[in-house]
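Observations on the model geometry
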Amino acid sequence: MPYGGGDPHAPEAAAEMFTCSIFLVLMNRLVTVFVSALGMLLTADSFDTATPTHLYATVAFSNLVTTVSQYEVLKYLSFAVTTLAKCAKIIPVMMWGHVILHTRYTVVDF
């Protein structure tokens, strides 16, 4: 992932690359936790919740894995192809909804 480079007018200037996607995601998550905690402290909001923590952890882990995977796939595919693939994932989700939940979809929904 390019994050900089030298003089854009110099032919030898190449953008440097992050090679560790997990580091990018970790830094993003740490900054998010810090800003969220700061916001909660400034608004005197409570950290307590009625929802069990393991439910949050399951969703958070799923999000972490998909984010790292997204950054990793950008090393091999273009952003446009990655975006198209992410848009197409709704079709298998709808098919599973039909099989498991017996949800009915019209042709327009697909």
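In this text, all values refer to a predicted model and were calculated from it rather than measured experimentally.

Thresholds, definitions, all that
Residues numbered from 1 in each chain as written. Predicted model: local features only at pLDDT ≥ 70, side-chain atom pairs only at ≥ 80, totals over all residues. Heavy atoms only, no water. Axes fitted to C-alpha atoms, helices over the stretch in contact; angles between N-to-C directions. Helix = DSSP H or I, 4+ residues; strand = E, 2+ residues; numbered from the N terminus. Parallel < 35°, antiparallel > 145°, perpendicular 65-115°, else oblique. Left-handed = near helix turned anticlockwise from the far one by under 90°. Contact = heavy atoms within 4.5 Å. Nonpolar A, V, L, I, M, F, W, Y, C, P; charged D, E, K, R; others polar. Patch = residues over 30% accessible without salt bridge, like charges linked within 9 Å, V, L, I, M, F, W, Y side chains within 5 Å. Areas by Shrake-Rupley, 256 points an atom, 1.4 Å probe, with all protein chains shown as cover. Salt bridge = Lys/Arg side-chain N within 4 Å of Asp/Glu carboxyl O. Buried < 20%, exposed > 50% of the residue type's maximum accessible area, 1.4 Å probe, protein only. Polar contact = N/O pair within 3.5 Å; in protein donor to acceptor, adjacent residues only side chain to side chain. pLDDT = per-residue confidence, 0-100.

**Focus on the packing of helix H1 (residues 21–42) against helix H2 (residues 53–73)**
Where H1 meets H2, the closest approach of the two axes is 9 Å, and the angle between their N-to-C directions is 135°. As summarised for this structure, H1 and H2 are arranged oblique, according to the angle between their axes. In the crossing of H1 with H2, the sense of the turn from one axis to the other is right-handed. Residue-level inspection shows Ser21, Ile22, Val25 and Arg29 of H1 in contact with H2, the latter providing Asn63, Leu64, Thr67, Val68, Tyr71 and Glu72. Residues belonging to the contact of H1 with H2 are distributed by class as follows: five nonpolar, three polar and two charged.

**Points about a nonpolar patch on the surface**
Taken together, Val31, Phe34, Val35, Leu38 and Leu42 make up a surface patch of nonpolar side chains, about 530 Å² in accessible area. Classification of Val31 by relative accessible area gives exposed; the value is 52%.

**Considerations on the environment of Ser78**
Along the chain, Ser78 falls in the loop between H2 and helix H3 (79–88). A distance of 3.3 Å separates a polar side-chain atom of Ser78 from the backbone nitrogen of Val81.

**So, the side chain of Ser21**
By the element assignment, Ser21 lies in helix H1. The class of Ser21 is buried, set by a relative accessible area of 2%.

**Things to note about the pattern of salt bridges**
One pass over the structure, following the stated rule, counts one salt bridge. Two residues, Lys75 and Glu72, come together in a salt bridge whose shortest N-O distance is 3.2 Å. We classify Lys75 as partly exposed; its relative accessible area is 36%. Overall, the relative accessible area of 28% leaves Glu72 in the partly exposed class.

**Quick look at unusual backbone geometry**
One non-glycine residue, His102, lies in the positive phi region at around 60°. Note that His102 resides in the segment after helix H4 (90–101). What makes His102 exposed here is its relative accessible area of 61%.

**Considering the confidence of the model for the protein**
On average, residues of the protein score 80 in pLDDT, and 83% of them reach the 70 mark or higher. Taken element by element, the protein is modelled with least confidence in H3, mean pLDDT 83, and with most confidence in H1, mean pLDDT 90. Low pLDDT, under 50, characterises residues 1–5; the stretch is placed with 17 contacts to residues that sit more than four places away or in other chains.

**Focus: the side chain of Thr67**
Mapped onto the secondary structure, Thr67 falls in helix H2. Taking the relative accessible area as the measure of exposure, Thr67 reaches 14% and is therefore buried. Among the polar contacts listed, one links the side chain of Thr67 to the side chain of Arg29, at a separation of 2.9 Å. In terms of polar contacts, Thr67 uses its side chain to reach the backbone carbonyl oxygen of Asn63, at 2.8 Å. Once residues within four sequence positions are removed from consideration, Thr67 is found in contact with Val25 and Arg29.

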